[in-house]
Structures are given as C-alpha cells and as structure tokens.
Amino acid sequence: MYDHSDDFQDFLQELGDVKPIKTDDRVLLDTAQQRLAKQLRREALAANQQHVNPFTMESVKPVDPLDYLDYKKPGIQDGVYKNLRLGKYEIEQKVTLSGMSLHDASALLYTRLTAAHQRGVRTLLVQHGRGEQSKPFPGLKKSYVNHWLPQLDIVIAFHTAQPQHGGFGATYVLLKKHPNQKLINREKQAKR
C-alpha cells in the first residue's frame, strides 16, 4: 500500500518560502470609467429629485378616434421619422393605458417614459385605445396622449402605429438618446 502523506510532505518542502498572494477586493477603474461612473451617480441623484409629472390636463384638443397622431421635433431626419411611422424600429417596450383613469394614465405614461429613457430605450409602443365610446368626447385618452407626448423633452417623435401593432389605438414613440448612451458609444468608438 502506498503512503500519500510522504508525497504531500515532499510537496510542502518544495514550496519553501512561497506565500499566498494577498487579495484586494477593490476594483481599479481607469479615468474614463471613473468619469462615466461619477456622471451616472450625479444623473441618478438628479433624476430622483425630478419626479414631478409635467403633463397638464387643461386645454386638450379633441382628436377623432380614426385620426392619425403625428409629431416630430425640428431636426429629426425624414428617414428616421419615416422608419418610425412605418413601424420598422424594434419596439423595446409597451405601455398600456387601456382601462385606466386619465390621472392614472398620465402618471403611468410619465413614469414609464422617463424610466425607459434612463435605461436607454429608444422606441416604445403606447397602447391607448381608440376610445370611440369615451365621454365627454370620443377619443378622449388618445387626445390626451397626443397632448402629453410633446410636453416631454425626451420625446422627439411619435406616430400612429401600423395595424399589426394596434393601428389607431396605439402610437409609436421615439425617445431622445440618453446622454449616458452617447458617452458609452463614444467610449466604444475610441477603443477601436
């Protein structure tokens, strides 16, 4: 029978004065990563301080349930707007407002849009329904969505959805690229 303890003792003698490496659990960031991390923390603090819903309930212009909703900020390329209008962009998130009161729909839409922007989402589908039987006028929630979306600075364009995505009862929304995403893209491009 072979004794393994002798092999282990020989191994320990061969090690001699070898000592274990000390571990350091700190992560060392390069300066570009430090700047990005600091900026993300500042923006997160600012975002936590700015959670006031800017959507107004006054002076909404009624929109017919079968009208197209369309809006684009100046400077948006025609090709970008055309692709949005034709539903060619991947829908990254859906927001359903059907069955909600106007107040709840307003709060949910604002919260979801700002959170999506913070995560870098660019294209959303807002499902508001046509509202053909709504009171005090047809297309009530659709009219408010049309009224609210241009009030947000992060919304750069929107258009009524294609039939396969809900048609007159839904709207594509294109959000501005988040500044952090711009920084990340610059960092990626600089490393090439």
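Our structure is the block above this text.
Residues numbered from 1 in each chain as written. Predicted model: local features only at pLDDT ≥ 70, side-chain atom pairs only at ≥ 80, totals over all residues. Heavy atoms only, no water.

Notes on the overall build of the protein chain
Phase 1: Secondary structure assignment for the protein chain yields 6 helices and 5 strands.
Phase 2: Counting from the amino terminus, helix and strand elements in the protein chain follow one another as α-α-β-α-β-α-β-α-β-β-α.
Phase 3: Classification of the 192 residues of the protein chain by burial places 31% in the buried group.
Phase 4: At a minimum sequence separation of 6, the contacts of the protein chain that also span at least 24 residues come to 74%. (Helix = DSSP H or I, 4+ residues; strand = E, 2+ residues; numbered from the N terminus. Buried < 20%, exposed > 50% of the residue type's maximum accessible area, 1.4 Å probe, protein only. Contact = heavy atoms within 4.5 Å.)

Side note on a negative patch on the surface
Phase 1: The grouping of Asp6, Asp7, Asp10 and Glu14 at the surface amounts to a negative patch.
Phase 2: Its location among the elements puts Asp10 in helix 1 (residues 4-15). (Patch = residues over 30% accessible without salt bridge, like charges linked within 9 Å, V, L, I, M, F, W, Y side chains within 5 Å. Areas by Shrake-Rupley, 256 points an atom, 1.4 Å probe, with all protein chains shown as cover. Salt bridge = Lys/Arg side-chain N within 4 Å of Asp/Glu carboxyl O. Lys, Arg positive; Asp, Glu negative; His and termini not counted. Charge placed at Lys NZ, Arg CZ, Asp CG, Glu CD.)

A closer look at the sheet that holds strand 3 (residues 123-127)
Strands in a sheet are paired, the pairing made by backbone hydrogen bonds, and the direction either parallel or antiparallel.
Phase 1: An order of 1-4-5-3-2 is seen for the 5 strands of this open sheet, with the pairing classed as mixed. Looking at strand neighbours, the two that pair on one side only are strand 1 (70-72) and strand 2 (93-96), the edges of this open sheet. Strand-to-strand twist across the sheet, computed as the mean angle between neighbouring axes with direction ignored, equals 25°. (Pairing = 2+ DSSP bridges. Axes fitted to C-alpha atoms, helices over the stretch in contact; angles between N-to-C directions.)

Quick word on the pattern of salt bridges
Phase 1: Tallied over the entire structure, the rule returns 4 salt bridges.
Phase 2: Between Lys73 and Asp153 there is a salt bridge whose closest N-O contact spans 3.1 Å. Taken together, the positions of Lys73 in the loop between strand 1 and helix 3 (78-85) and Asp153 in the loop between helix 5 (140-148) and strand 4 (155-160) put the pair 80 residues apart, joining distant regions of the chain.
Phase 3: A residue is classified by how much of its surface remains accessible, and Asp153, at 51% relative accessible area, is exposed.
Phase 4: In this structure, the salt-bridge partner of Asp153 is Lys176, at a minimum N-O distance of 3.4 Å. Taken as a pair, Asp153 in the loop between helix 5 and strand 4 and Lys176 in the loop between strand 5 (170-175) and helix 6 (179-190) lie far apart in primary sequence, 23 residues in all.
Phase 5: Beyond isolated ion pairs, a larger network of salt bridges with shared partners links Lys73, Asp153 and Lys176.

So, to be careful, I would describe these as geometric facts and stop short of saying anything about function.
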